[in-house]
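Take a look at the letters that make up each chain.
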Amino acid sequence: MRRFSLSSLLSESLKGHRGWGRQWRDPQPKPAYDVVIVGGGGHGLATAYYLATVHGITNVAVVEKGWIGGGNTGRNTTIIRSNYLYDESAALYEHALKLWEGLSQELNYNVMFSQRGVLMLAHTLHDVQSFKRHIYANRLNGIDNEWLTKEQCKDFCPPLEIAGSLRYPVLGGALQRRAGTARHDAVAWGYARGANARGVDIIQNCAVTGIRRDAAGAAIGVETTRGFIKAGRIGVVAAGHTSTVMAMADLRMPLESYPLQALVSEPVKPVFPCVVMSNAVHAYISQSDKGELVIGAGTDQYTSYSQQGGLHITTHTLDAICELFPQFTRMRMLRSWGGIVDVTPDRSPIIGKTPVNNLFVNCGWGTGGFKATPGSGHVFAHTLATGEPHPINAPFTLDRFRTGRLIDEAAAAAVAH
Amino acid sequence: MLLIACPHCGNRPETEFRCGGQAHIARPADPAALSDAQWAEHLFVRANPRGVHAERWCHAHGCGRWFNALRDTVSDRFLETYPTGAQPTQTSDARA
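Residues numbered from 1 in each chain as written. Chains lettered and ligands numbered in written order. Predicted model: local features only at pLDDT ≥ 70, side-chain atom pairs only at ≥ 80, totals over all residues. Heavy atoms only, no water.

You'll find chain B entered in an unreviewed UniProt entry as Sarcosine oxidase subunit delta, with Methylobacterium frigidaeris given as the organism.

An unreviewed UniProt entry lists chain A under the name Sarcosine oxidase subunit beta, with Methylobacterium frigidaeris given as the organism. Under the Subcellular location (unreviewed entry) heading, UniProt states for chain A: "Cytoplasm". Under the UniProt heading Sequence similarities (unreviewed entry), the entry covering chain A gives this text: "Belongs to the SoxB family." (UniProt positions renumbered as here; feature names shortened; annotations may be inferred.)

Here's what the structure looks like:
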């Protein structure tokens, strides 16, 4: 792997950038690996990267049925924040945010992490009380979060309409200044490049069709469209398709898969300086470096694997966007798409062991997994390397649905998030 | 937006309906006899099939009645709808 540096960029620019070469190999699968990761999204690739760099386990394959980063990693609205209510969630997402802060240097790959601030708008008295509770809880956990009056919200985000005539007027907002966005594709590519350089095989266009188990019931490898691959340990990081992959090992999961949609506008000059989220009216918006407004809509009400959702879901979000930002009413939308998100009953992820020996799972990130990519990979790599969870993901077990120790961020946020 | 055939009202747009999730989950007859694992299975574990799914819908902004449906979760196409208490004529991909 050639490092990106000022001198390498200068020398390549003189040679027409023809000398960079492939950033990761396209290997044939070997017969056996120490660890096989099912799913080549951001979380799976980050897991492989940290297995190699932190734990020295490089005999690893990432098996992806399509192309890397082609699922939810390449479909989300790239919002990164860590202002979650409960201690367990705060620790997990803050772990990720701290890794984000050094990620471009760590990977020698520009993931375009931009700490432009995430402003969450409050429209009702209940919102105000709930957000202030979040702010105090966050501060106790060492996470920055502050309350802004509606005038301060307007100063921070000038396109925002704060008139009292709105149907759901802005009463204020919670601002996490260290939060922001990153370039989603670059995250997948950066982790893939880093993992590949340390010997990890990234095997694309290779669907897992079965999980082979020995007489004692332990998982010993995966059947794929390119043959059987033996594995010491298997980590399933398959997002919306986790239920179908785990069914191959006769495991039923507390998951439901829903379509989640997003859309972008035509590109315009810099107009939107931050990320604004409104859970109450369901609007999520930022501006990409290409100039497109990136807008997140909600999930459909029914489970689906169609990777598309209803138009009324996106129009509902656009209604809210137009109300909050009247200057965007004449913007044209360029593209919309859907991804399939795996949602748990308590809206917190499952990261850890399963009842099947040597089979581990990292799933249930629902509608907000992108922000956790580095932290998720880091703690899941620890789990795969040692066989036991890292202290940060220890509460996020599959078993919590039996014990009742839920991490109920759904109730904490009072909406899907 | 889906076009949904309410068994009582006929074809209506999806926005008139509320989806109630997986159908045919019977509440345990003797709740006290269940282990924690069995309760977790009842409360939280769902079939979530990639294929034909049996699910409940309520015609909330219409007749207000609950009914069941079989829908393919890959194409989102409905195979059939049938009243609560009835069984579908086709089978779902959900494993018991």
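**As for the overall build of chain A**
Broken down by element type, chain A carries twelve helices and 18 strands. Radius of gyration (C-alpha) of chain A: 21 Å, near the 22 Å computed for a compact globule of 417 residues. Along the three orthogonal principal directions, the C-alpha set of chain A runs to about 65 × 60 × 40 Å. With 417 residues in all, chain A has 59% of them scored as buried. With an accessible surface of roughly 16,400 Å², chain A has 52% of that area assigned to carbon and sulfur atoms. Between the centroid of the 40 positive side chains of chain A and the centroid of its 33 negative side chains there is a distance of 5 Å. (Helix = DSSP H or I, 4+ residues; strand = E, 2+ residues; numbered from the N terminus. Rg over C-alpha atoms; globule rule 2.2 N^0.38 Å. Buried < 20%, exposed > 50% of the residue type's maximum accessible area, 1.4 Å probe, protein only. Areas by Shrake-Rupley, 256 points an atom, 1.4 Å probe, with all protein chains shown as cover. Lys, Arg positive; Asp, Glu negative; His and termini not counted. Charge placed at Lys NZ, Arg CZ, Asp CG, Glu CD.)

**What to know about the nonpolar core**
Residue and element names in this part refer to chain A. Ile-37, Trp-100 and Tyr-191 are the most contacted members of the largest nonpolar core, which has 47 residues in total. With seven residues, helix α2 (residues 42–53) is the single largest residue contributor to this core. Not counting residues within four places of it along the chain, the set of residues in contact with Trp-100 comprises Ile-80, Val-111, Phe-113, Ala-182, Val-187, Phe-370, Lys-371, Thr-373 and Pro-374. Ile-234, Ala-238, Ala-249 and Met-253 belong to the second-largest nonpolar core, a separate cluster that totals 31 residues. (Core = buried A, V, L, I, M, F, W, Y, C linked by side-chain atoms within 4.5 Å. Contact = heavy atoms within 4.5 Å.)

**Looking at the environment of Arg-252 of chain A**
Residue and element names in this part refer to chain A. Take Arg-252: it is sitting in the loop between α8 (242–247) and β12 (256–265). When its relative accessible area of 24% is taken as the criterion, Arg-252 is described as partly exposed. For Arg-252 and Thr-242, which are ten residues apart along the polypeptide, the C-alpha to C-alpha distance reads 9.9 Å.

**Points about the interface of chain B and chain A**
At the junction of the two partners, chain B supplies 27 residues and chain A supplies 27 residues. Taken over both partners, the interface formed by chain B and chain A buries close to 2,300 Å², and the fraction arising from carbon and sulfur atoms is 48%. Viewed at the interface, chain A and chain B are joined by one salt bridge. Among the salt bridges present, the one from Arg-252 of chain A reaches Glu-41 of chain B, with a minimum N-O distance of 2.2 Å. Applying the counting rule to chain B against chain A returns 15 residue pairs in polar contact (both at pLDDT 80 or more). Looking at the side of chain B that touches chain A, the elements with two or more residues in it are β3 (18–22), α1 (36–43) and β4 (52–58) of chain B. No other element matches α1 of chain B, which puts four residues into the side of chain B that touches chain A. (Buried area = accessible area lost by both parts, 1.4 Å probe. Salt bridge = Lys/Arg side-chain N within 4 Å of Asp/Glu carboxyl O. Polar contact = N/O pair within 3.5 Å; in protein donor to acceptor, adjacent residues only side chain to side chain.)

**Focus on the side chain of Asp-342 of chain A**
Residues and elements named next belong to chain A. With respect to the helices, strands and loops of the structure, Asp-342 is situated in strand β16 (residues 333–343). Notably, Asp-342 is buried but unbridged: the nearest opposite-charge side chain belongs to Arg-400, and the N-O separation is 10 Å. Only 2.6 Å separates the side chain of Asp-342 from the backbone nitrogen of Gly-364, close enough to count as a polar contact. Ignoring sequence-local partners within four residues, the contact set of Asp-342 consists of Ala-239, Gly-240, Thr-242, Leu-255, Glu-256, Ser-257, Cys-363, Gly-364, Trp-365 and Gly-366.

**Comments concerning the environment of Leu-2 of chain B**
Along the polypeptide, Leu-2 of chain B turns up in the segment before β1 (3–6). Taking the relative accessible area as the measure of exposure, Leu-2 of chain B reaches 12% and is therefore buried. Once residues lying within four places of it in the same chain are set aside, the contact partners of Leu-2 of chain B are Tyr-302 of chain A together with Arg-12, Pro-13, Glu-14, Trp-57, Arg-71, Asp-76 and Phe-78 of chain B.

**As for the sheet that holds strand β6 (residues 78–83) of chain B**
Residue and element names in this part refer to chain B. With respect to topology, four strands assemble into an open sheet ordered β3-β4-β5-β6, the strand pairing being antiparallel. What marks the edges here is a single partner per strand, and that holds for β3 and β6. Strand after strand, the sheet turns through a mean of 30° between neighbouring axes, direction not considered. (Pairing = 2+ DSSP bridges. Axes fitted to C-alpha atoms, helices over the stretch in contact; angles between N-to-C directions.)

**With respect to the sheet that holds β12 of chain A**
Residues and elements named next belong to chain A. An order of β5-β6-β4-β13-β14-β15-β12-β16 is seen for the eight strands of this open sheet, with the pairing classed as mixed. Two strands in the sheet have a free side with no partner beyond their single neighbour: β5 (146–148) and β16. Within the sheet, the average angular offset between the axes of one strand and its neighbour, ignoring direction, is 25°. Examined bridge by bridge, β12 and β16 share ten bridges and lie antiparallel to one another. Each bridged residue has a counterpart across the sheet, and for Val-264 the counterpart in β16 is Arg-335.

**Some details on the side chain of Glu-55 of chain B**
Inspection of the secondary structure assignment puts Glu-55 of chain B in strand β4. Taking relative accessible area as the criterion, Glu-55 of chain B reaches 0% and is therefore assigned buried. There is a polar contact of 2.6 Å between the side chain of Glu-55 of chain B and the side chain of Arg-71 of chain B. Setting aside residues up to four positions removed in sequence, Glu-55 of chain B forms contacts with Thr-303 of chain A together with Cys-19, Gly-21, Gln-22, Ala-23, Phe-67, Asn-68, Ala-69, Arg-71 and Phe-78 of chain B.

**Side note on unusual backbone geometry**
A positive phi angle is found at Asp-250 of chain A, which is not glycine, with a value near 60°. Of note, Asp-250 of chain A is situated in the loop between α8 and β12.

**Considerations on the pattern of salt bridges**
Residues and elements named next belong to chain A. Tallied over the entire structure, the rule returns 20 salt bridges over all chains. As a salt-bridge pair, Arg-177 and Glu-146 come within 2.9 Å of each other at their nearest N and O atoms. A residue pair is termed long-range when its members are at least 10 positions apart, and Arg-177 in the loop between β6 (172–176) and β7 (180–181) and Glu-146 in strand β5 qualify at 31 residues. When salt bridges that share partners are traced, they join Glu-94, Glu-101, Asp-144 and Arg-178 into one network.

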